[in-house]
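# Notes for the structure review
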Amino acid sequence: MAAVEEPDLLESFSNLKALAQGEIDESADIPRLPPNTSTGVLGNGLTYFVLKNKEPKQRAELFLALGFGSLVEEEHERGIAHIIEHLGFSATKAYENHAIVKFLESIGAPFGACQNAYTTFDRTVYTLHVPTDKDGLVEESLKVLREFAYFTRISQEDLDKERKVVLEEWRESRNAQGRLSERYVQALCGAGCRWCERLPIGKEEVIRGVSAETLRKFYQKFYHPARMAIIAVGDFDQEQIEQKIKELFDLPPATIDPLPRCSVEEAPKRPRYAVPDSEGVRVASSTDPELSFAQSMVDCKRPRLPVQKGRDVRRRVTEDLFHRALGSRLLRLTLQGPLGGGPRDFFSAGTESSDPLPALPLGRSLWHGAFGDLGT
Ligand SMILES: [Zn+2]
């Protein structure tokens, strides 16, 4: 299979030039995947993405992404999506504790959950960075991801051991900055916002008291192949890895043992919770005895605009340039301070749009194909 050619620096300048001069096709679609990505859906509904990428050499990144996180938890389950993520590293059907430690050592990974995985509001992601020069390691890593996907062991004993670790993480999240950002999010969203009520770290009483049975039910329902993806990117044989994924992951949902999953048609849907809009200007202030500096923020909620077309890229690049220009001006005022004639003495100030900027440059084929070769 042909290697993907990386656009060079000069070419990326021509992209910006094209944007600046209005020479892009505003209605062209932005591709969702890099060219040459192999993708497909297995019989059990699992989606995969595989891409050979030669840099860094002899390395691969493998991901298991589950389309659910803390937003689907009920009140008495707050924090369990994260606990389940931890339990995967504690033990699975094929890997007892000792075997998982050994495996993580073999790929040079730091041991443990939250170093190789994360749980957020709407997804749970397991990641393994694997050397590809040692025979069989990529395949074994895929097998470990399959264990997290289908066979995490959730016994009362495993859970009781892991509670202490998770409680420690909960405690760490309760520092001054953590408390402040929780109050900030609540002020921003207002009452009845699902996002405020489902912080992934969860509630102390749930972490202390939840039963293994509650966790098993959650795992059985939400860890459904039809709501998962395997993503493999690295310096490997793309077709071979695609084949391996097909072999390893296509288990019919009803045969997954000991927690069989429902049919693909009945797989739970991903929920959509909007952040509530607010009337007028809301003002909130908060103090914390442990905080050593003062901070103020102005936020403006706007509808989320997708980046799908050439014109959306232009809009986002324009916004980004605006924030950079304003940021430079604020930095200058910061550096001047009152002695240098600046208006205030503050340590830092910044402005941003929380929308991530789409990756630019987007690749030779897109720009040359959809937008035309504009030269440098
Ligand atoms: Zn954790």
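In what follows, the structure referred to is the one given above.
It is worth spelling out the nonpolar core at this point. Counting 53 residues, the largest nonpolar core has L145, L215 and I230 as the members making the most contacts within it. At seven residues, helix 4 (residues 137-150) tops the list of elements feeding residues into this core. Among residues more than four places away in sequence, those in contact with L145 are L62, L64, Y126, L128 and I230.

The next subject is the packing of helix 2 (residues 80-90) against helix 8 (residues 212-222). Orientation of helix 2 relative to helix 8, taken along the N-to-C sense of each, is 90°, at an axis distance of 10 Å. With respect to each other, helix 2 and helix 8 are oriented roughly perpendicular. The residues of helix 8 that touch helix 2, namely those facing I80, I83 and I84, are T214, L215, F218 and Y219. Partitioned by chemical class, the residues of the contact of helix 2 with helix 8 number six nonpolar, one polar and no charged.

Before going further, it helps to spend a moment on the packing of helix 4 against helix 9 (residues 238-249). Closest axis-to-axis distance for the helix 4/helix 9 pair is 10 Å, and the angle between their directions is 35°. Helix 9 is crossed by helix 4, and the crossing has right-handed handedness. Here V138, E139, L142, K143 and R146 of helix 4 come into contact with helix 9, specifically with I241, K244, I245, L248 and F249. For the contact of helix 4 with helix 9, the residue count by class is six nonpolar, no polar and four charged.

What counts, and at which threshold
- Residues numbered from 1 in each chain as written.
- Predicted model: local features only at pLDDT ≥ 70, side-chain atom pairs only at ≥ 80, totals over all residues.
- Core = buried A, V, L, I, M, F, W, Y, C linked by C-beta atoms within 7 Å.
- Buried ≥ 20, exposed ≤ 12 C-beta atoms within 10 Å, placed from the backbone.
- Helix = DSSP H or I, 4+ residues; strand = E, 2+ residues; numbered from the N terminus.
- Contact = placed C-beta atoms within 7 Å.
- Axes fitted to C-alpha atoms, helices over the stretch in contact; angles between N-to-C directions.
- Parallel < 35°, antiparallel > 145°, perpendicular 65-115°, else oblique.
- Nonpolar A, V, L, I, M, F, W, Y, C, P; charged D, E, K, R; others polar.
- Left-handed = near helix turned anticlockwise from the far one by under 90°.

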